[in-house]
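Overview (structure and organization)
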Amino acid sequence: MDSAPADAPVAIGGRLDPATILGGYRHGTYPMPAATAADIEVNHALYEDSVASGATVVLDSSLPDPYALVWWSPDPRPVIPYGGLAKARSLMKLLRNRLTWTTTANQDFARVLAECRRDRVPEWLTTELCEGMMVLNQLGWAHSVEVWEDDELVGGAIGIGAGEVFVLDTCFHRRSNASKVALLDMEHRLAGAGVTLLDVEWDSDRSRRLGAGPLPRHEFLATLARGSDPIPLAGGVEPARRLGFLRTPG
């Protein structure tokens, strides 16, 4: 992996069965399937040179078009030390004094995944990938957090991980701040699970606001290699208000 490209997919092709999805995450890669023929053509244009040079590996050349699925492992990797998810004062105050939301874990994984998929551009959460993630949830690898306003689902997050690394994969909100609450709740429910890094996959202004910073890929992969067991997520119905008393270390 050290010789893999830093700013292009490390691999293309392969399938999105649950075992392959999980294997990708456990080896520091994540899938980005192309939802349309136009998206596949874009992948051809962007990554043909990397494939031709051998920097990007072709996983299964027997598929109709391996450019329909690309696998990423950025270098450096944007990560958040466990406990370091940003906790803005305004949100903490809101949680303590006003919000009456509640949170749950793995109560409605399918619905959270569908909400994360809805209106998302580009549409990387394809039907095949969602079906694989559903199986991984049933097997205890993938988890959801739900944020409720009375009986209405107003936010949620999906995560998957092994050993010491938990991936904050995707989230959604139907109320302001609900996705932030979902991520904070997910971090809090990981307490005692041995997680040392939260992986946010893509570097962006948003990921930096969440507290992510760059980690060299070889260090990220070394942390990932220290454990291989699924990471449990504490269950139960909890008041979101309890999150308002959390503090970011340092």
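Residues numbered from 1 in each chain as written. Predicted model: local features only at pLDDT ≥ 70, side-chain atom pairs only at ≥ 80, totals over all residues. Heavy atoms only, no water.

Here we take up the pairing of strand 5 (residues 77-81). Here strand 5 lies mainly inside the structure; four of its five residues are buried. Across three bridges, strand 5 lies against strand 10 (residues 197-199) in antiparallel orientation. Looking across to strand 10, one finds that Pro81 is bridged to Leu197. (Buried < 20%, exposed > 50% of the residue type's maximum accessible area, 1.4 Å probe, protein only. Helix = DSSP H or I, 4+ residues; strand = E, 2+ residues; numbered from the N terminus. Pairing = 2+ DSSP bridges.)

The residue Ala110 is located in helix 4 (residues 109-117) in this model. Of the residues examined, Ala110 reaches a relative accessible area of 36% and is grouped as partly exposed. For the pair Ala110 and Ser50, spaced 60 residues apart in the sequence, the C-alpha separation amounts to 36 Å.

What the rule picks out here adds up to 13 salt bridges. Salt-bridge contacts for Glu152 lead to Arg175; the nearest nitrogen and oxygen are separated by 2.9 Å. Remark: Arg175 occurs in the loop between strand 9 (165-173) and helix 6 (178-189) and Glu152 occurs in strand 8 (residues 152-162); sequence separation between them is 23 residues. The class of Arg175 is partly exposed, set by a relative accessible area of 28%. (Salt bridge = Lys/Arg side-chain N within 4 Å of Asp/Glu carboxyl O.)

Take the sheet that holds strand 11 (residues 213-215) next. One open sheet holds the eight strands; their spatial order is 11-5-10-9-8-7-6-12, and the pairing between them is mixed. Each edge of the open sheet is held by one strand with a lone partner, namely strand 11 and strand 12 (238-239). Judged from the two bridges that link them, strand 6 (residues 102-105) and strand 12 form a sheet pairing that is antiparallel. Residue pairing in the sheet places Thr103 in a bridge with Glu238 of strand 12. Against the sheet, helix 5 (residues 127-138) makes contact with strand 7 (142-149), strand 8 and strand 9, and its axis sits at roughly 90 degrees relative to strand 7, the strand it touches most. (Contact = heavy atoms within 4.5 Å. Axes fitted to C-alpha atoms, helices over the stretch in contact; angles between N-to-C directions.)

Another point: the environment of Ala212. Examined against the element boundaries, Ala212 turns out to sit in the loop between helix 7 (205-209) and strand 11. Look at Ala212 and you get buried, because its relative accessible area is 14%. In this structure, the C-alpha to C-alpha distance between Ala212 and Val79, residues 133 residues apart in sequence, is 4.9 Å. Contacts of Ala212, omitting those with residues within four sequence positions, involve Pro78, Val79, Ile80, Val200 and Ser207.

Their axes nearest at 12 Å, the elements helix 3 (residues 89-97) and helix 6 cross at an angle of 85 degrees. Here helix 6 runs roughly perpendicular to helix 3, going by the angle between their axes. Contacts between helix 3 and helix 6 involve Leu91, Met92 and Leu95 from the first element and Lys180, Val181 and Leu184 from the second. (Parallel < 35°, antiparallel > 145°, perpendicular 65-115°, else oblique.)

Attention now moves to the sheet that holds strand 4 (residues 69-72). One open sheet holds the four strands; their spatial order is 2-4-1-3, and the pairing between them is mixed. Among the strands making up the open sheet, the edge pair consists of strand 2 (30-33) and strand 3 (57-58). Pairing between strand 1 (residues 11-12) and strand 4: two bridges, direction antiparallel. Bridge assignment links Ile12 to a residue of strand 4, and that residue is Val70.

Let us now look at the nonpolar core. Counting residues in each nonpolar core, the largest one holds 39 residues, and the members touching the most others are Met133, Leu136 and Ile160. Residues contacting Ile160, with those up to four places away along its chain left out, are Leu22, Tyr25, Leu136, Trp141, Ala142, Val165, Phe166 and Val167. Ranked by size, the runner-up nonpolar core spans 33 residues in total, among them Leu183, Leu198, Leu233 and Ala240. (Core = buried A, V, L, I, M, F, W, Y, C linked by side-chain atoms within 4.5 Å.)

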